Amino acid sequence: VYPQGLPGPGGRSHWNAGLTATNVDDVGFLSALAKSLQEQYNLSAEKTFASGYSNGGFMSYELVAERADVFKAAACLNGTMSGKTWNNRSEIAPVPILQLSGALDNVIPIDGTLTTAGGWGGAPDIKTVVDFLADLSACATVDTIQVKPNTIAYKYSDGIEGNEVWYYLLDDFGHEFPLGEDENIHTSVL
């Protein structure tokens, strides 16, 4: 399911992932949507996850932080946690996570220097976020895997309930969505 966020400041659609620039209850909307789809189409409540690119990645983290009872895993593609989500991290339940980041991303820098305007920034560098999530799931093993010539994956495994946390770092990518061209990973397949 690919829902669309409402227009926000400036008229662009967005998700309110703990931001201060809007008061839209996207956590409530997406949770209700997931439960409705589970009921209407007999979908597994145990296999419902969130995935998103950029602002959608922020939203994926917000959903598992706020509603781990509905969203059992998250994939964040070129996003991170909002300042609110990071500051409330003590309330996050352990869930499987996939994080993909471009090392050259200047929209959502991996070093945690995203502006705090509107509530966007405030989380530390993405490796610290990933390490926190892996520790939260009590992952006992870390493997470094050269997936493609420009992509390294850090696989944190053997976590509680079999949880894994994966961090894919694309060395020569910015704020892009790789689709398998030129020896790169195919994000949609991943």
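Residues numbered from 1 in each chain as written. Predicted model: local features only at pLDDT ≥ 70, side-chain atom pairs only at ≥ 80, totals over all residues. Heavy atoms only, no water.

Caption draft 1: Local environment of the environment of Thr-113. Assignment of secondary structure puts Thr-113 in the loop between strand E3 (97-102) and helix H4 (126-136). Thr-113 sits 43 residues away from Tyr-156 along the chain, and the two C-alpha atoms are 25 Å apart. (Helix = DSSP H or I, 4+ residues; strand = E, 2+ residues; numbered from the N terminus.)

Caption draft 2: Highlighting the side chain of Ser-60. Counting through the fold element by element, Ser-60 comes out in helix H2 (residues 55-66). Here Ser-60 falls in the buried class, since its relative accessible area comes to 2%. If we skip the residues at most four places from it in the chain, Ser-60 touches Ala-50, Ser-51, Gly-52, Ala-74 and Ala-75. (Buried < 20%, exposed > 50% of the residue type's maximum accessible area, 1.4 Å probe, protein only. Contact = heavy atoms within 4.5 Å.)

Caption draft 3: The packing of aromatic side chains, seen in detail. Evaluated as defined, the whole model comprises six aromatic pairs. With 5.7 Å between their ring centres and 15° between their planes, Trp-166 and Tyr-168 make a pair best called stacked. Residues Trp-166 and Tyr-168 agree in their burial class; the two are buried. (Phe/Tyr/Trp six-rings, centres within 6.5 Å; stacked < 30°, edge-to-face > 60°.)

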